[in-house]
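Architecture and fold: a report
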Amino acid sequence: MSALSERPTDPVVGRAVPHESAALHVTGEALYTDDLVLRTKDVLHAHPVQVLHAHARVTALHTEAALQVPGVVRVLTAADVPGVNDAGVKHDEPLFPDEVMFYGHAVCWVLGDSLEAARLGAAAIQAEVEPLPSLVSVREAIDAGSFQGGQPTVERGDVEAGLAGAAHVFSGEFEFAGQEHFYLETHCALAHVDEGGQVFVQSSTQHPSETQEIVAHVLGLSNSEVTVQCLRMGGGFGGKEMQPHGLAAIAALGAKLTGRPVRLRLNRTQDMTMTGKRHGFHARWRVGFDAAGRLQALDATLTSDGGWSLDLSEPVLARALCHIDNAYWIPDVRVNGRIAKTNKTSQTAFRGFGGPQGMLVIEDILGRCAPLLGQDAATLRRRNLYSAGQTTPYGQPVRHPERLATAWQQVLDTSDFAARTEEIAAFNDAHGDTKRGLAITPVKFGVSFNFTAFNQAGALVHVYKDGSVLVNHGGTEMGQGLHTKMLQVAATTLGVPLHRVRLAPTRTDKVPNTSATAASSGADLNGGAIKNACEQIRERLAQVAAERLGVPPVDVRFGDGRVRGISFASEPVPWEEIVQLAYFQRVQLWAAGYYRTEGLHWDSTLMRGEPFKYFSYGVAASEVEVDGFTGAYRVRRVDIVHDVGDSLSPLLDLGQIEGGFVQGAGWLTLEELRWDESDGITRGRLASSAASTYKLPSFSEMPEVFNVTLLTNATEEGAVYGSKAVGEPPLMLAFSVREALRQAAAAFGPVGVSVDLASPATPEAVFWAIEQARCPEHGHVEEGAPGVEPEQPDADAPLMEPYSERVQHQLTQT
Ligand code: MTE
Ligand code: MOS
């Protein structure tokens, strides 16, 4: 066992403790950034001026009228920016644009004594614009050749030879939607400037260090003159990894220009119409199987819908390419990626960060091809799981693939899969208008940032003279329970009870140059740094204790608030006493800790290397029931076995698995971003921009039976106290729901029918899938020559076309 993963006896990690803020969350006492406004004097409120064109040049901006509105204090425009007029790290996101790039793009901001004054002021501003041609859908962008950023390829072997030698070759297309984060707390920032011109911004941000950098470059300051703090977020889900920066910069600019604190909080409609979402993708593919159904070759082109600027689209695409294999061995692979540039919000990180999109493509392929191969989907998937000695298409060995097999078998056993499959067949025979489906799908998700430099973290741990402990680290809390886990890590390493350790809000002046709390790596990275800081302190205290106990320092043990020698005869001394002694002996009682993930390498040009410390595994089986008249469905039962290594905090991990799964099911089956693709004046508008039109999972959509089990005997050598990341991987367990819906829809048709299912598989989409199953000749399955590139869809396709997908397939003769 490695020093990093080894646990002492009776550790505080591994205990099922509640979230450190659970009581505050449920009583409403927990403070979020916007709650600070009531505690701040003379606050100004910021309101955007959104221009309602998909694409237009701003020819004039008449701001004078706003200043006549009572309570309006100032209008912020490009002319006010002392530094760089840019909100991103790619320098393609003007903070005050002179070209409107999407419907609702903010061109300037109004500051008022009240939000209402600022709103009225914004309404008084006239923007003269010259409309420009726009590209709204990813297909329009592909046809127009509108792309941005790099176009990487992951390649292994000879894909053409692989396809040529395959017994069965299919090809198809698949377009699927993105997802709105719908964090309960919308974007928010509150900025102050002190007497020395130092800027302090409280921001709901997953990446305080980058928010700091952007604020500094907009204001023309050095990073050391800007401090960013994040108390906690009411959900981030990736939506606050890059998107908060420009908003924080507006607040900071306002504070600098007026000398008053400025608060910027988006309301829900503003948040949904102005900030980025999960990328929708378009995929074209050709796949080859051998006679037994083993994957032989995959050739695919993934085009993500990046929106108007790059934001995180390049790393999101890279992760999609690195996850198209999901849990399956594919000998010959070629996956090309490109990013469409469209007139939409700039799409961004969202739980899974492209991984779900890559994996959805292969799961869709397997779900569609299984009937054409004459196999049931569960058998086909199981047959293709990675086994020992195999590597991913980008060259990383798949360590512990046996965990996939173990989790798979455990789900089959505990969910009574075989018996229920038979029951469902009997049910479907007996019911003409209602059908059930049961599907099982795996997850393999790489943990670490693809970008190697981000895999580092820092911490600052103070032990005060009374023995109490204060921890700072670079990670942010967004509900995922990172802070709770970090308290458990500190308590474990120092050998003190959990209540002796307190956590301070995340601030850039405590721990500098931090990475985003993202890629699920928050606990791995910050836990490593905290453990390192605590070990430094413990080693110093061991010297002090050794003298006091009359044993060598290596024989000193810390645990449960007491310090003792290794022998049974040794009388324990209270932790507080050793701390006091150390202080009087002038021994440093605090330490800065640092951690970097070892063993990673990634060549982003060749798209090869070992970018991930390890893979997280999981398996889910879901059963659904579908109504043949409406396509409405319910999820009857879900069984999950998921690998979190040795859990740092089992209750939190359970919550992450349940929450991730439900969020994934929302993306795949309920939540529908509808962009106006018409040629009318509202072209480019997000039609589903409120909770009334954007259907989120709620209690009524929870599985009726929901069994989640953590995989046992799963110690991860390469991570803190043997744990694994949990934040994102469970989202992808929801593929099982989508595949169960496909199977239930297929049950309405003849045996062996291949069903295309749109994503999201809303009741409407499921209805069309049922229709296709009932009359396969009316579906989108057409014959085509083997190896022939699928056609582009024609422009006059029927109305249902956009919500469905097209496939061509050909079974080559052997
Ligand atoms: N859980 C809650 N409750 N709220 C969130 O915003 N974000 C997810 C996941 N779980 C999120 C969450 C995302 S996108 C990531 S990357 C991880 O948490 C980040 O935290 P971690 O690295 O500490 O797991
Ligand atoms: Mo998570 S999408 O990496 O913030």
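Presented here is a report on the structure given in the accompanying data block. All values derive from a computational prediction rather than experimental measurement. (Residues numbered from 1 in each chain as written. Chains lettered and ligands numbered in written order. Predicted model: local features only at pLDDT ≥ 70, side-chain atom pairs only at ≥ 80, totals over all residues. Heavy atoms only, no water.)

Quick notes on the overall build of the protein chain
For the protein chain, the helix and strand inventory stands at 19 helices and 32 strands. Taken against the 2.2 N^0.38 rule, which gives 28 Å for 814 residues, the C-alpha radius of gyration of the protein chain at 28 Å falls within 12% of a compact globule. Taking the principal axes of its C-alpha atoms as reference, the protein chain extends roughly 85 × 80 × 45 Å. The buried share of the protein chain, taken over its 814 residues, is 61%. If you take every contact in the protein chain between residues at least 6 apart in sequence, the share linking residues at least 24 apart comes to 81%. When the accessible surface of the protein chain is totalled, it reaches about 29,600 Å², and 53% of it is carbon and sulfur. (Helix = DSSP H or I, 4+ residues; strand = E, 2+ residues; numbered from the N terminus. Rg over C-alpha atoms; globule rule 2.2 N^0.38 Å. Buried < 20%, exposed > 50% of the residue type's maximum accessible area, 1.4 Å probe, protein only. Contact = heavy atoms within 4.5 Å. Areas by Shrake-Rupley, 256 points an atom, 1.4 Å probe, with all protein chains shown as cover.)

A closer look at the sheet that holds strand E13 (residues 262–265)
An order of E3-E5-E1-E13-E10-E11-E12-E21 is seen for the eight strands of this open sheet, with the pairing classed as mixed. Two strands lie at the open edges of the sheet, namely strand E3 (72–76) and strand E21 (506–507), each paired on one side alone. Direction of pairing for E3 relative to strand E5 (residues 105–112): antiparallel, over a ladder of four bridges. Within E5, the residue paired with Val75 across the bridge is Val110. On top of the sheet, helix H3 (residues 115–124) reaches strand E1 (44–51), E3, E5 and E13; it is set at about 25° to E1, its chief contact. (Pairing = 2+ DSSP bridges. Axes fitted to C-alpha atoms, helices over the stretch in contact; angles between N-to-C directions.)

Digging into the site of ligand 1
Taken together, 18 residues lie around ligand 1, and Gly236, Phe237, Met478, Gly522 and Gln656 are the ones closest in. At 3.1 Å, a side-chain N or O of Gln480 approaches an oxygen atom of ligand 1. Alone, ligand 1 offers 520 Å² of accessible surface; in the complex the protein occludes 92% of this. Looking at side-chain class alone, the shell around ligand 1 contains five nonpolar, eleven polar and two charged residues. (Near = heavy atom within 4 Å. Polar contact = N/O pair within 3.5 Å; in protein donor to acceptor, adjacent residues only side chain to side chain. Nonpolar A, V, L, I, M, F, W, Y, C, P; charged D, E, K, R; others polar.)

Considerations on the pairing of strand E16 (residues 332–340)
Among the nine residues that make up E16, seven are buried, leaving the element largely enclosed by the rest of the structure. Relative to E16, strand E7 (residues 147–148) runs antiparallel, the two sharing two bridges. Along E16, the bridge assignment pairs Gln148 with Ile339. In terms of strand pairing, strand E8 (residues 153–156) meets E16 through four bridges, oriented antiparallel.

Quick notes on the pattern of salt bridges
Counted by the stated rule, this structure contains 50 salt bridges. The partner of Glu116 in a salt bridge is Arg119, with the nearest N and O atoms 2.8 Å apart. Taken together, the positions of Glu116 and Arg119, both in helix H3 and three residues apart, correspond to about one turn of that helix. Of the residues examined, Glu116 reaches a relative accessible area of 41% and is grouped as partly exposed. Arg119 gets classed as partly exposed once you look at its relative accessible area, which sits at 39%. (Salt bridge = Lys/Arg side-chain N within 4 Å of Asp/Glu carboxyl O.)

So, helix H13 (residues 417–430)
If you check H13, its first and last C-alpha atoms are 20 Å apart, about what 14 residues at 1.5 Å a residue would give, namely 20 Å. Residues Phe417, Arg420, Ile424, Phe427 and Asn428 constitute the buried set of H13. Mapping the buried residues of H13 onto a view down its axis gives an arc of 95°, with all of them on the same face. For H13, the exposed residues lying more than 90 degrees away from the buried face are Ala418, Glu422, Glu423, Asp429 and Ala430. Elements that come into contact with the buried residues of H13 comprise helix H11 (377–384), helix H12 (402–414), strand E17 (434–447), strand E28 (614–627) and strand E29 (633–642). (Expected span 1.5 Å × (residues − 1). Arc of directions from axis to C-beta.)

Looking at the pairing of E28
In terms of residue burial, E28 counts as a mostly covered element, since 13 of its 14 residues are buried. Relative to E28, E17 is paired through 14 bridges, and the arrangement is antiparallel. Pairing of Pro442 across the sheet is with Val619, part of E28. Bridge count between E28 and E29: nine bridges; the pairing is antiparallel. By the bridge assignment for E29, Ala621 is matched with Asp639.

Considerations on the packing of helix H15 (residues 522–549) against helix H16 (residues 575–584)
The N-to-C vectors of H15 and H16 enclose an angle of 105°; their axes lie 9 Å apart at closest approach. Compared by their axis directions, H15 and H16 come out roughly perpendicular. Counting all contacts with H15, which are made through Leu541, Val544, Ala545 and Arg548, the residues of H16 involved are Trp575, Glu577, Ile578, Val579, Leu581 and Ala582. Split into classes, the residues belonging to the contact of H15 with H16 amount to eight nonpolar, no polar and two charged. (Parallel < 35°, antiparallel > 145°, perpendicular 65-115°, else oblique.)

Notes on the sheet that holds strand E2 (residues 56–62)
On the basis of which strands lie adjacent, the open sheet formed by three strands has the order E4-E2-E6 and antiparallel pairing. Unpaired on one side and paired on the other, strand E4 (99–100) and strand E6 (126–131) mark the two borders of the sheet. In the sheet, E2 pairs with E4 via two bridges, with the strands oriented antiparallel. Bridged to Arg57 within E4 is Glu99.

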